[in-house]
Amino acid sequence: MVKLRMENDKQSRRILENISTSVLVFDDQLRLSYLNPAAQILLAVSAGRTQNTPLEHLLSGSEHFFDNVRQAVATGHPFTERELILLTPDKRQITTDVSVTPLFDKTQESTVLIELSQVDRQLRIAREEALMAQHDATRDVVRGLAHEIKNPLGGLRGAAQLLARELDAPELKEYTSIIIGEADRLQNLLNRMLGPNTLPQKSDTNIHEVLERVRHLVSSEAPPGIKIVRDYDPSVPDLYADPEQMIQALLNIVRNAAQALGDKGVITLRTRAQRQFTIGHTRHKLVASIEVIDNGPGIAPEMLDKIFYPMVTGRAEGTGLGLPIAQALIHQHGGLIECSSHPGETIFTLLIPLESKA
Ligand SMILES: Nc1ncnc2c1ncn2[C@@H]1O[C@H](COP(=O)(O)OP(=O)(O)O)[C@@H](O)[C@H]1O
Ligand SMILES: [Mg+2]
C-alpha cells in the first residue's frame, strides 16, 4: 500500500485532513489507498471500509472519465475536468471539478491522485445571487406600481365621500359606500404589497421563543391531524432581529405548510448554526438556518420559481403575498429564504447572518 510519505510529515497530513477539497489516492490498479476526511464526507464512506476499493465503485456514472484516468496512469499526463457529474456509492449525484495527477514513486510504483471540488455550492451561490437580484427588482416594480395607484385611489375615495354627503336618497348612498368600501380594500391590499414599511426594531432575539409562538398559533388554528415537530439546536445564539417581523415571516411559511398538508401531516421546525456560510455574495462567520419542512404534496416545479413573486398563489382563496412579505422581512435582516420541494418534502430555509449588529 502506498503511504504517500505522510507518516514522517505531520504537517502535510494535517493539511490534507483539513482542506475542503476531497483528495483520493489510487494505486496503479486504480484501487483506493487513501482518502482524506473531505472525501469521506463527500462520498459518505469511511476510510477503513474503503481500502482497496476500485475507483469505479467509489465514483460511478462516467465511463469516459474512467477511460481518461486509465490513460493518465498509462501516459503520466495529468488532466482536469470541469463540472463532471458523478455518482457516489450511495447513488447521490454530485457535480465536481476533477483534477487527476499521476504520481511516480521512487520505487517506480505509480499512484494517481484525484482531487474533487464540488461545484454544487458555487452553483447555489450563483442561484442565490440571481434570487436576491430578482427580489430587489420585483420589489421596485411593485413599489412603483403601488404608489402610482395609491394617489388616484385616495382621490376616488375622497370624491365618493363628498358625493355621499350631497346625496339624499339612501339607495344612491349605497353606491358611494360600495366605492368607499372597495377603495379601502384596494388600499389595504396595496399596503400589504408594499410590505413592511417600518424599519425593523432589532434586539437580541431568541429564535426558539419566536418559533414557539409560531408553533402555538398554528397548532391552535390547524386541524388536530397536523403535528408540529421541534428539532431545535439550543446552541444557536440569539439573533439581532425584530422579533415581531421574525414571527410574521415564519408564520407566513408555517401557515402555508399547514394549508398544504390539509387534514394531516407533519411540519418540522429545525434550527442550526452554520459556520463560514455564504449568503449571496457575502461570506458570514456564523449564520442561523431555520428550516420549515413539511411532508405534504410539494410545489409544482413550474410554480417553484415564482412563489416569491407577489400575487402568485396556488390556492383559490390565496393572495400570493405571504411569501414575498416573508422574503422582504428576512431581507431586511440581511438574510434570504430559499425553497426546495418535491412531493413528500418541502423545505423552506431561512438563512440569517448572526454576527451583524448593524
Ligand atoms: N409548504 C408548501 N407546500 C406546498 N405549496 C406551498 C407551500 N408553501 C407555499 N406554497 C405555494 O405557494 C403559494 C404562494 O404562497 P403565499 O405567497 O403564502 O400566498 P398564498 O398563501 O396567499 O397563496 C401558495 O399558494 C402555495 O401554492
Ligand atoms: Mg400564504
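In the block above lies the structure referred to throughout.
In this text, all values refer to a predicted model and were calculated from it rather than measured experimentally.

1. Side note on the packing of helix α8 (residues 207-221) against helix α9 (residues 243-261)
Turning to step 1, where the next piece is worked out: The contact between α8 and α9 brings their axes to 9 Å, and the two run at 40°. Relative to α9, the element α8 lies oblique. Remark: the crossing between α8 and α9 carries right-handed chirality. Judged by residue contacts, I207, V210, L211, R213, V214, L217, V218 and E221 of α8 engage P243, E244, M246, I247, L250, L251, V254, R255 and A258 from α9.
Turning to step 2, where the next piece is worked out: Grouping the constituent residues of the contact of α8 with α9 by class yields 13 nonpolar, no polar and 4 charged.

2. Quick look at the environment of A326
Turning to step 1, where the next piece is worked out: Within the fold, A326 resides in helix α11 (residues 322-331).
Turning to step 2, where the next piece is worked out: Taking the C-alpha atoms as reference, A326 lies 8.5 Å from Q245; in sequence the two are 81 residues apart.
Turning to step 3, where the next piece is worked out: In this view, A326 contacts A249, N252, I253 and I337; residues no more than four positions away in its chain are not counted.

3. Digging into the pairing of strand β4 (residues 93-104)
Turning to step 1, where the next piece is worked out: The sheet contact formed by strand β3 (residues 79-87) and β4 spans 7 bridges and is antiparallel. Counted as the bridge partner of L87 is Q93 from β4.
Turning to step 2, where the next piece is worked out: Between the antiparallel neighbours β3 and β4 lie 5 residues, among them K91 with a positive phi of about 65°.
Turning to step 3, where the next piece is worked out: The sheet contact formed by β4 and strand β5 (residues 110-118) spans 9 bridges and is antiparallel. Along β5, the bridge assignment pairs P102 with V112.

4. A few points about the pattern of salt bridges
Turning to step 1, where the next piece is worked out: Under the definition given, this model contains 14 salt bridges.
Turning to step 2, where the next piece is worked out: Linking R70 and E56 is a salt bridge whose minimum nitrogen-to-oxygen distance equals 3.1 Å. A residue pair is termed long-range when its members are at least 10 positions apart, and R70 in helix α5 (residues 63-75) and E56 in helix α4 (residues 55-58) qualify at 14 residues.
Turning to step 3, where the next piece is worked out: Residue classification places R70 among the partly exposed residues on the basis of a relative accessible area of 37%.

5. A look at the sheet that holds strand β9 (residues 265-279)
Whenever strands of a sheet pair, they do so through backbone hydrogen bonds, lying parallel or antiparallel.
Turning to step 1, where the next piece is worked out: The strand order across the open sheet built from 5 strands is β7-β9-β10-β12-β11, with neighbouring strands paired in mixed fashion. A single partner strand is all that each edge strand has here, and the edge strands are β7 (226-231) and β11 (336-342). Taking each pair of neighbouring strands and ignoring which way they run, the sheet shows an average axis angle of 20°.
Turning to step 2, where the next piece is worked out: On top of the sheet, α11 reaches β11 and β12 (345-353); it is set at about 140° to β11, its chief contact.

Basis of the calculations
Residues numbered from 1 in each chain as written. Chains lettered and ligands numbered in written order. Predicted model: local features only at pLDDT ≥ 70, side-chain atom pairs only at ≥ 80, totals over all residues. Heavy atoms only, no water. Axes fitted to C-alpha atoms, helices over the stretch in contact; angles between N-to-C directions. Helix = DSSP H or I, 4+ residues; strand = E, 2+ residues; numbered from the N terminus. Parallel < 35°, antiparallel > 145°, perpendicular 65-115°, else oblique. Left-handed = near helix turned anticlockwise from the far one by under 90°. Contact = heavy atoms within 4.5 Å. Nonpolar A, V, L, I, M, F, W, Y, C, P; charged D, E, K, R; others polar. Pairing = 2+ DSSP bridges. Salt bridge = Lys/Arg side-chain N within 4 Å of Asp/Glu carboxyl O. Buried < 20%, exposed > 50% of the residue type's maximum accessible area, 1.4 Å probe, protein only.

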